[in-house]
Amino acid sequence: MIAPAHVTAEIASQPQCWSRAAELAASSTSALPHPGERIAVVGCGTSYYMARAYASLRESEGLGETDAFPASEAVLTRPYDRIVAITRSGTTTEVLSLLAAVSGRVPTVALTGVTDSPVSRHAGTLLDLGFADEKSVVQTRFATTALQLLRAGLGIDLTDSIVDGELAVTEPLPHGWSGRSQFTFLGRGWTVGLADEAALKLREAARAWTESYAAMEYRHGPISISDESSLVWCFGEAPGGLEDEVAATGAWFTADAVDPVASLVRAQKLAVEVACRRGLDPDRPRHLSRSVILPGAFA
């Protein structure tokens, strides 16, 4: 059995990181988006899913128009008041290229785990999340800490989320979950991004067959893939009648009552369990590296 030392420790440290993120948000109000601003949030991979969650949440709170883009696909034709970039390593080519392209035209802020990286030369402002940086290739605590910082910046009290996170890192997952062969994650509103991230974690760490959808869209075709080998997991409150429909497929259905970011912690733990069950090392997923740096990239 492989012991994934890095990712396991990083998952367990998340509640402490979130507490520090709340403190950082309180001291960084000038750098974070202000109510009424039109902003774009960009990232790649996991960071993009955090950007999507934040964008949906900010708009739902009535705090301003907020778009989320993969950094490689950003459409910046709108007059944005600020661009927020999420980049753990500070070296991701697409993020650096975007920041360089808007330099001097749009205020930018980057959330990063490595402040002495190339992003320091391209972002107008840096928010230092070095305390949440990671050794594992698979992102866990940096991603959730960046999202929690942004949530706190919206005026959301993280106290209950941190308590739920502490439970998530200590309580074992239900017996039998890691033995499933197919996993579907669902979300509504801002938790759709979290569902996408949960699915990505299973793919990265465990090479598992995972899918993710907006919960109401799951009925429009994807439910046909679920069977007795499936786990269907809804982040947040499930649509009425969905649990019965999933039960009819034979799949195991769950919908956590805890804060959705704490639910994501549980999904991270599941990814590690599935990986270990399959004899894989989630600290070293195949074909992946800590950062995607393209030839001729920024130095």
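As the structure is a prediction and not an experimental result, all values here were calculated from the model.

Trainee: Describe the packing of helix H7 (residues 191–206) against helix H10 (residues 260–277), listing the residues and the values that go with them.
Mentor: Taken N-terminus to C-terminus, the directions of H7 and H10 make an angle of 15°; their axes are 8 Å apart at the nearest point. Put simply, H7 runs roughly parallel to H10. Note that H7 runs across H10; the crossing there is right-handed. Residue-level inspection shows Thr191, Leu194, Glu197, Ala198, Lys201, Leu202, Ala205 and Ala206 of H7 in contact with H10, the latter providing Pro260, Val261, Leu264, Ala267, Gln268, Leu270, Ala271, Val274 and Ala275. Looking at side-chain class alone, the contact of H7 with H10 contains 13 nonpolar, 2 polar and 2 charged residues.

Trainee: Residues and numbers for the environment of Trp233, please.
Mentor: Mapped onto the secondary structure, Trp233 falls in strand S8 (residues 230–234). Contact partners of Trp233, with chain neighbours within four places excluded, come to Trp177, Thr184, Phe185, Leu186, Thr254, Asp256, Ser263, Arg266, Ala267 and Leu270.

Trainee: Break down the packing of helix H6 (residues 159–170) against H10 for me, citing the residues and quoting the values.
Mentor: Running from N to C, H6 and H10 cross one another at 15°; their axes reach a closest spacing of 8 Å. In terms of orientation, H6 lies roughly parallel with respect to H10. Seen from above, H6 lies across H10 with right-handed handedness. Here Ser161, Asp164, Gly165, Ala168, Val169 and Thr170 of H6 come into contact with H10, specifically with Val261, Ala262, Val265, Arg266 and Lys269.

Trainee: Describe the side chain of Thr249, listing the residues and the values that go with them.
Mentor: You can see Thr249 is positioned in helix H9 (residues 242–249). Residue class for Thr249 comes out buried when judged on its relative accessible area of 18%. Engagement of the side chain of Thr249 in a polar contact is seen with the backbone oxygen of Val246, the distance being 2.6 Å. A distance of 3.2 Å separates the side chain of Thr249 from the backbone nitrogen of Ala251, its partner in a polar contact. If sequence neighbours within four positions are ignored, Thr249 has contacts with Ile223, Ser226, Asp227 and Glu228.

Parameters and conventions
Residues numbered from 1 in each chain as written. Predicted model: local features only at pLDDT ≥ 70, side-chain atom pairs only at ≥ 80, totals over all residues. Heavy atoms only, no water. Axes fitted to C-alpha atoms, helices over the stretch in contact; angles between N-to-C directions. Helix = DSSP H or I, 4+ residues; strand = E, 2+ residues; numbered from the N terminus. Parallel < 35°, antiparallel > 145°, perpendicular 65-115°, else oblique. Left-handed = near helix turned anticlockwise from the far one by under 90°. Contact = heavy atoms within 4.5 Å. Nonpolar A, V, L, I, M, F, W, Y, C, P; charged D, E, K, R; others polar. Buried < 20%, exposed > 50% of the residue type's maximum accessible area, 1.4 Å probe, protein only. Polar contact = N/O pair within 3.5 Å; in protein donor to acceptor, adjacent residues only side chain to side chain.

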